[in-house]
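Next come the chains, spelled out residue by residue.
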Amino acid sequence: MKKVVAEKYREFDFSGGKRGPVIKPEPGKTKISIRLDNAVLDHFRALVDKAGGGNYQTLINDALLEHIQRRSTLDAVRQVVREALAPYGPALESEGKRSRRRQRG
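Below is a summary of the structure that appears in this document. No experiment lies behind these values; they were computed from the predicted model shown.

## Thoughts on the packing of aromatic side chains
Across all of its chains, the model carries zero aromatic pairs by this definition. When the ring centre of Tyr56 is taken as origin, the NZ or CZ atom of Arg45, which lies over that ring, is 4.7 Å away.

Have a look at this one:
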């Protein structure tokens, strides 16, 4: 039996082609490769399935953004509390450390 060899694509001219994505990515987003625990992926994929579809990567991105916002809010509250307690001096801070030491035992 004779071997069949595929013909080269003569009708296609790629000499003017450009490398890269056909669709430009959204501004402000970067494609990366990241390793996540299987449990994390399973959780977000399950959320997407339960919602009836969507993109689990978007859910992961939203969860990370929420974490950042929550942390920045917490840091802001801590700064306000520090500033409010500053007039009372360092005695209040050292009293707090002493009481924590007593609790530890």
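## Section: helix α1 (residues 38-51)
Here α1 is 14 residues long and its end C-alpha atoms lie 20 Å apart, about the 20 Å a rise of 1.5 Å per residue gives. Along α1, the residues classified as buried are Leu41, Phe44 and Val48. The arc enclosing the buried residues of α1, seen along the axis, measures out at 75°, which places them on a common side. Exposed residues pointing more than 90 degrees away from the buried face of α1 are listed as Asn38, Ala39, Asp49 and Lys50. Contacts from the buried residues of α1 go to α2 (56-85).

## A closer look at a nonpolar patch on the surface
A cluster of nonpolar side chains, namely Ile32, Ile34, Leu36 and Val40, defines an oily patch on the protein surface of about 350 Å² accessible area. The class of Ile34 is exposed, set by a relative accessible area of 56%.

Conventions and cut-offs
- Throughout, a residue's number is its position along its own chain's written sequence, starting from 1.
- With the structure being a predicted model, the display of local features is reserved for residues of pLDDT at least 70 and the display and counting of side-chain atom pairs for 80 or more, all residues being used for whole-chain, interface and lining totals.
- Here the side-chain values reflect all heavy atoms present in the structure, with hydrogen atoms and water set aside.
- Between the rings of Phe, Tyr and Trp (Trp by its six-membered ring), a pair exists once the centres lie within 6.5 Å; its type follows the angle of the planes, with under 30 degrees stacked, over 60 edge-to-face, and the other angles tilted.
- Placement of a positive charge over a ring is assigned whenever Lys NZ or Arg CZ falls within 6 Å of the ring centre and within 35 degrees of the normal to the ring plane.
- Secondary structure counts use DSSP, requiring at least four H or I residues in a row for a helix and at least two E residues in a row for a strand, with both numbered from the N terminus.
- By this rule the span expected of a helix is its residue count minus one, scaled by 1.5 Å.
- Buried residues are those whose accessible area, probed at 1.4 Å on protein chains only, stays under 20% of the maximum for their type, while exposed residues exceed 50% and partly exposed ones sit between those limits.
- Directions are taken from the helix axis to each C-beta atom, and the arc is the one they span.
- The contact definition used throughout considers only heavy atoms, calling two residues in contact when any of these lie within 4.5 Å.
- Here, patches come from residues exposed beyond 30% relative accessible area and free of salt bridges, joined within 9 Å for like charges and within 5 Å for nonpolar side chains (Val, Leu, Ile, Met, Phe, Trp, Tyr).
- To measure how exposed things are, a 1.4 Å probe is used in the Shrake-Rupley method; for residues, cover is taken only from the protein chains shown.
- Basic side-chain nitrogens of Lys or Arg form a salt bridge, by our definition, when they fall within 4 Å of a carboxyl oxygen of Asp or Glu.

Just geometry here; none of it tells us what the structure is for.
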